[in-house]
Amino acid sequence: MGQSLKAECKDCDFNAQVSYGGGMMNFKYNCLAPAIEKTTGEFKIVNHKDKSLHDYYDFYTDDTLKHKGYIGRTHDNFDLKLNFNSNFCPQCHGFTLSFVRTAIYS
Ligand SMILES: [Zn+2]
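Values in this document were obtained by computation on a predicted structure and should not be read as measured data.

**Q** Would you mind showing me how to read the overall build of the protein chain here?
**A** The secondary structure content of the protein chain amounts to zero helices and eight strands. From first element to last, N terminus to C terminus, the protein chain shows the α and β order β-β-β-β-β-β-β-β. For the protein chain, whose C-alpha radius of gyration is 13 Å, the value lies close to the compact-globule estimate of 13 Å for 106 residues. Along the three orthogonal principal directions, the C-alpha set of the protein chain runs to about 40 × 30 × 25 Å. The burial tally for the protein chain puts 42% of its 106 residues in the buried class. Accessible area for the protein chain stands at about 6100 Å²; split by element, carbon and sulfur atoms hold 52% of it. Each charge sign in the protein chain was given a centre, from 12 positive and 12 negative side chains, and these centres are 7 Å apart.

Printed below as a string of structure tokens:
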């Protein structure tokens, strides 16, 4: 239900550990997803279920941070989809960021 992913850019040295989804006990109100804080441009992991945060963050599961025309595989978590590749890199600003699964937990 929850996944551990590694974010890494193919054009620069940006990389980060990412928690994605929620655990068995709390998935109804907790669903972590990678995001960019709009004011600072910082890469963060935030709760997608908390709608009050959506004014302050762009989520990688939404279209804004995905390269248009991507037709590859996705990491799915209920209605959320995270592209494997071609995501916005917070450091070099290319659509060069990948999410690689490192573990799954319940
Ligand atoms: Zn980069």
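**Q** Where do I start with the sheet that holds strand 2 (residues 15-20) in this structure?
**A** The pairing of strands in a sheet happens through backbone hydrogen bonds and is either parallel or antiparallel. Within the open sheet, the three strands sit side by side as 2-1-8. Their pairing is antiparallel. Both edges of this open sheet fall to strand 2 and strand 8 (97-105), since each of them pairs with a single strand only. Between one strand and the next, the sheet's axes are offset by a mean angle of 25°, whatever the strand orientation.

**Q** Could you clarify how one ought to interpret the coordination of the zinc ion in this entry?
**A** For a metal with four tetrahedral donors the ideal donor-metal-donor angle is 109.5 degrees, whereas six octahedral donors ideally subtend 90 or 180 degrees. All of the protein donors around the zinc ion are C9 (SG), C12 (SG), C89 (SG) and C92 (SG); their distances to the metal are 2.3 to 2.4 Å. For the zinc ion, the four donor atoms in the first shell make angles of 106 to 117° at the metal, a pattern classed as tetrahedral.

**Q** Explain the packing of aromatic side chains to me, please; I cannot follow it from the model alone.
**A** In this description, an aromatic ring pair is defined by two values, namely the gap between the centres and the angle between the planes. Here the structure, examined in full by the defined rule, presents four aromatic pairs. On the basis of an interplanar angle of 80° and a centroid distance of 5.3 Å, the ring pair of Y60 and F99 is categorised as edge-to-face. Placement of the pair is Y60 in the loop between strand 5 (57-59) and strand 6 (74-77) and F99 in strand 8, with a sequence separation of 39 residues. Overall, Y60 belongs to the buried group, its relative accessible area being 0%.

**Q** How should the pattern of salt bridges be read in this particular structure?
**A** Opposite charge on two side chains permits them to pair, given that their charged atoms come into close proximity. Overall, the coordinates contain four salt bridges when judged by the stated rule. Of the charged contacts, one joins K44 and E37 as a salt bridge, the two residues approaching to 2.7 Å between their closest N and O atoms. Of the charged contacts in the structure, one is a salt bridge between D76 and K81, with a shortest N-O distance of 3.4 Å. Of the residues examined, D76 reaches a relative accessible area of 39% and is grouped as partly exposed.

Conventions used here
- Residues numbered from 1 in each chain as written.
- Predicted model: local features only at pLDDT ≥ 70, side-chain atom pairs only at ≥ 80, totals over all residues.
- Heavy atoms only, no water.
- Helix = DSSP H or I, 4+ residues; strand = E, 2+ residues; numbered from the N terminus.
- Rg over C-alpha atoms; globule rule 2.2 N^0.38 Å.
- Buried < 20%, exposed > 50% of the residue type's maximum accessible area, 1.4 Å probe, protein only.
- Areas by Shrake-Rupley, 256 points an atom, 1.4 Å probe, with all protein chains shown as cover.
- Lys, Arg positive; Asp, Glu negative; His and termini not counted.
- Charge placed at Lys NZ, Arg CZ, Asp CG, Glu CD.
- Pairing = 2+ DSSP bridges.
- Axes fitted to C-alpha atoms, helices over the stretch in contact; angles between N-to-C directions.
- Donors = N, O, S within 2.8 Å, 3.2 Å for Na, K, Ca; no water.
- Tetrahedral: all angles 85-135°; square planar, octahedral: opposite > 155°, others 65-115°.
- Phe/Tyr/Trp six-rings, centres within 6.5 Å; stacked < 30°, edge-to-face > 60°.
- Salt bridge = Lys/Arg side-chain N within 4 Å of Asp/Glu carboxyl O.

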